[in-house]
Every structure is written in C-alpha cells, then in structure tokens.
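# What the coordinates show
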Amino acid sequence: MSTATDKTGGRGNCPTRQRNSVEAAIPPSGTLAPSPNPLSPSRAVCPLCPHACTLAEGRFGVCGAHVARDGDVVADSYGKLTALALDPIEKKPLARFRPGSMILSVGSYGCNLACPFCQNSDIARARGGNGSDGSDTANGNHHASALRFHTYTPPELVETALSLKNRGNIGVAYTYNEPLINYEFVSDTAQLAHEAGLLNVIVTNGYINEGPLAALLPHLDAANIDLKGFTQTFYDRLNAPGGLATAKRSIELAARAIHVEVTTLIIPGLNDSANEIERLAAWLADVNPQIPLHLTRFHPAYRMLNVPPTSRETIHTLIRVASQHLQTVLPGNM
Ligand code: SF4
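The sections below set out a description of the structure shown in this document.

Reading the values: the criteria
Residues numbered from 1 in each chain as written. Predicted model: local features only at pLDDT ≥ 70, side-chain atom pairs only at ≥ 80, totals over all residues. Helix = DSSP H or I, 4+ residues; strand = E, 2+ residues; numbered from the N terminus. Buried ≥ 20, exposed ≤ 12 C-beta atoms within 10 Å, placed from the backbone. Contact = placed C-beta atoms within 7 Å. Pairing = 2+ DSSP bridges. Near = placed C-beta within 6 Å. Nonpolar A, V, L, I, M, F, W, Y, C, P; charged D, E, K, R; others polar. Axes fitted to C-alpha atoms, helices over the stretch in contact; angles between N-to-C directions. Core = buried A, V, L, I, M, F, W, Y, C linked by C-beta atoms within 7 Å. Parallel < 35°, antiparallel > 145°, perpendicular 65-115°, else oblique. Left-handed = near helix turned anticlockwise from the far one by under 90°. Right-handed = clockwise from strand over helix to strand, strands pointing away. Arc of directions from axis to C-beta.

## Side note on the overall build of the protein
For the protein, the count of helices and strands is 8 helices and 16 strands. Here the protein holds 334 residues, and the buried ones make up 53% of them. Taking the contacts inside the protein whose residues are at least 6 apart along the sequence as the reference set, 73% of them involve residues at least 24 apart.

## Remarks on the pairing of strand 3 (residues 66–69)
As paired strands, strand 3 and strand 4 (residues 72–75) are joined by 4 bridges and run antiparallel to one another. Looking across to strand 4, one finds that His66 is bridged to Ala75. Linkage of strand 3 to strand 4, two consecutive antiparallel strands, is achieved through a turn of 2 residues, within which Asp70 is found at a positive phi near 50°.

## Some thoughts on the site of the ligand
Around the ligand sit Cys46, Leu48, Cys49, His51, Ala52, Cys53, Gly61, Val62, Cys63, His66, Asn112 and Ile181, and that is every residue in its neighbourhood. Taken together, the residues of the shell around the ligand break down into 8 nonpolar, 4 polar and no charged.

## Quick notes on unusual backbone geometry
The residue after Lys92, namely Pro93, is reached through a cis peptide bond having omega 0°. Its place among the elements puts Pro93 in the loop between strand 6 (83–88) and strand 7 (102–107). In this structure, Tyr302 takes a positive phi of about 50° despite not being glycine.

## Section: the sheet that holds strand 16 (residues 329–332)
Sheet architecture is open: 8 strands sit in the order 6-7-11-12-13-14-15-16, paired in mixed fashion. Each edge of the sheet is formed by a strand with only one pairing partner; in this case those strands are strand 6 and strand 16. Between one strand axis and the next, the sheet turns by 25° as a mean value, whatever way the strands run. Where helix 2 (residues 154–163) meets the sheet, it contacts strand 7 and strand 11 (169–174), and its direction lies at approximately 140° from that of strand 11. Sitting on the sheet, helix 8 (residues 312–322) touches strand 14 (259–266), strand 15 (293–297) and strand 16, and the angle it makes with strand 15 is about 165°.

## Some words on the nonpolar core
With 96 residues, the main nonpolar core has Val172, Val201 and Leu293 as its most contacted residues. With near-sequence residues (within four places) excluded, Val201 lies in contact with Lys92, Leu94, Ile103, Gly171, Ala173, Asp221, Ala222 and Ala223.

## Quick word on the packing of helix 7 (residues 274–287) against helix 8
Running from N to C, helix 7 and helix 8 point in directions that differ by 40°, and their axes come no closer than 9 Å. In terms of their interaxial angle, helix 7 and helix 8 are classed as oblique. Crossing of helix 7 over helix 8 shows right-handed handedness. For the pair helix 7 and helix 8, the contacting residues are Ala274, Ile277, Glu278 and Ala281 in the first and Thr317, Leu318, Val321 and Ala322 in the second. Looking at the contact of helix 7 with helix 8 residue by residue, the class counts come to 6 nonpolar, 1 polar and 1 charged.

## Things to note about the environment of Arg320
As for its placement among the helices and strands, Arg320 is situated in helix 8. With 11 C-beta atoms counted inside 10 Å, the residue Arg320 sits in the exposed group. Separated by 46 residues in sequence, Arg320 and Ala274 place their C-alpha atoms 9.6 Å apart.

## Topic: the packing of helix 2 against helix 3 (residues 183–195)
Two elements in contact, helix 2 and helix 3, have axes whose closest approach is 9 Å; the angle formed by their N-to-C orientations is 50°. Relative to helix 3, helix 2 is oriented oblique. Like other packed secondary-structure pairs, helix 2 and helix 3 cross with a definite hand, here right-handed. On the side of helix 2, the interface is formed by Pro154, Pro155, Leu157, Val158 and Ala161, while helix 3 contributes Phe185, Asp188, Thr189, Leu192 and Ala193. Of the residues belonging to the contact of helix 2 with helix 3, the class tally is 8 nonpolar, 1 polar and 1 charged.

## Some points on the pairing of strand 12 (residues 199–204)
Extensive coverage of strand 12 is indicated by the burial of 6 of its 6 residues. Following the backbone out of strand 11, through helix 3 and into the adjacent parallel strand 12, one traces a crossover that is right-handed. Where strand 12 meets strand 13 (residues 222–226), 4 bridges bridge the pair, whose relative direction is parallel. Within strand 13, the position partnered with Val203 by the bridge is Asn224. In this region the chain leaves strand 12, passes through helix 4 (residues 210–216) and returns to the parallel neighbour strand 13; the handedness of that crossover is right-handed.

## Some remarks on helix 8
For helix 8, the complete set of buried residues consists of Ile315, Leu318 and Ala322. Relative to the axis of helix 8, the buried residues are bounded by an arc of 70° and lie together on one face. Exposed residues pointing more than 90 degrees away from the buried face of helix 8 are listed as Arg312, Glu313, His316 and Arg320. Along its buried surface, helix 8 packs onto strand 14, helix 7, strand 15 and strand 16.

Geometric descriptors of this kind do not, in isolation, establish any biological role.
Below, the structure is given as structure tokens:
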C-alpha cells in the first residue's frame, strides 16, 4: 500500500476527444453506459468526465482507470486500493465537518488531470493494462501492475470501516488519487456505507460531468473540491479543457447538496497573485460565504522540483485578501 497524501493530480493521453452530453447514460447504480458515437460506432465514448474519451476496444482513457471492453466502458481500477489509512478528518482537509473525528481513507490509481505539481504521482500517474492494450505509459506514466494494491469489494470495505468505529471512524473518505475516475466503486461503496450508517467524504478535482456528479451526491455527505486556479490558462497546463468552468460548476452543485470545502494550492508565479485569489474568493462567496477555503503551500514535487516552496508570508497575505469575502480561510501544508 502506498503512503499517499491528500490532494493530488495526474495525467494521461486521450486518443480522441469529442464533447458529449450523455450524463443521462449514468444510472444511479454507478455503472457506465457508453454513449453511441455516430462517427465511429465501434468505439465507446466514456460519459464520466469532460475528456469524453472515445475508446476502441481494449484502449484506456486519459485517466488510466477506464478501458473499453466488449463495447462498454468499464473500470479497470474497480476495488483496487493502493492506499488505506485511518486519518483525522482535518487531514482531508475538512475543517468544519465532524471536527475531531477519524475517517477511513482510501485511494486507487489514475487521474484525469495532468498536474505537474502532483503530490501523489506514484498512484495518480499509474495506468491500468500491460502496455499492449493501449494504456499509455509515455510521459512519465507507469503501469498500475507495478503498484502494490489490495482488492476490496464494496461490502468488504464497508465491513472494514465498521470495524474501525471503536477507533472513532465515522465513514469512508475517497481520496489520494482522483476518486471520481473510480466512480463505479465509489458509488457502489457509498450506497452500502450509508445503509450501514456511515458517512461518505470525497476529495476531488471536480473534473466530472454534471450528470454523474448529480447522481452521486445523494450518497455523499461532504466534499473537499480543488479550485486549482482561477484562470482557464492555469487549467490548460493540467490538460483540463473547460477545467475552470467544470470545477466551478461542481462546487456550485455540491454546495447545494452537501458540506463543501475548497482547496487551492498556491504555487509561486503561477496562481499566487492577490488579484487572482481575490477574484476566486469573491466568486466562492457568491456561492456561499461560509464555504471554508484552504490556501495550501506548494512544496517541490514531481515535475516542479525546481520551483521553490511557497513562502508562509505569501499564504498569510493571500488569506487576508480572501478573508475580505469569505468567513473561513485557512492555511495548509505550513
Ligand atoms: S473518466 Fe477516464 S475514460 Fe472516462 S472520459 Fe474521463 S478520462 Fe476519459
């Protein structure tokens, strides 16, 4: 099992991209029904996130977690957990949701973004398959088969979570790599966890289509959603077409249904201007001024080893800026 940290990014290589509007293809059970692709009927189009990967049989999507098999888009990562730990809820980070409690935190592999500052690149950059099946291992990706993981069914994970209640566990947090690309397992497990009286928390980049997110929200209780910057130019660096608008929509949608907190990793020279953070905070306040905003320090990682850590002074300055609009702005990674 990996010693992953919370909040992450990743990358991949989508063979073909085509916008779709197939959110209705996601039934509440969380299984993915591919949409028909009139241009290439033999290919399955994944309806889960804005990449809308168009997959020939056996090919993996950008995320490295979904693959086309027998005309369907299926989760290669289903139940394969690379990290499992009982953590304080504040570590997710969630500062205003059941403070002082513990939560069983699990991660799998893959990611649908390409953050060069990824804190968990060992699992986020892993791809399913064996290289002969279309999984891309160029550009620093590697095969998930090199990871140590344990396979859990949803009932087994819920049983594990229940067994930890005597240690303060309140439920399951889906985190470490991007959990929404493991949508089917998260959805199946979250429904069972609710039936067992447990809570569900998701820690996500919010890069998901509206329909799948709306279908999942009734099974969730709290979320920490990244707002990685406040320009599409920044999201373009992460291989996230429409990323800013998508993350904003996910925050708005989630905030109407469950407890939401937001995290922005502050990176020197990229998203650390007072103007950008003020605009971000003002927008978030329009959603709800009570949403806590975490401004976290960047530390050199992955492909940004040559960028210095964010100074504490910068974080404190930006907290003052954001606090003009929001009631709770907190430092992270200090
Ligand atoms: S979830 Fe994966 S396969 Fe599906 S559209 Fe997104 S990146 Fe592509």
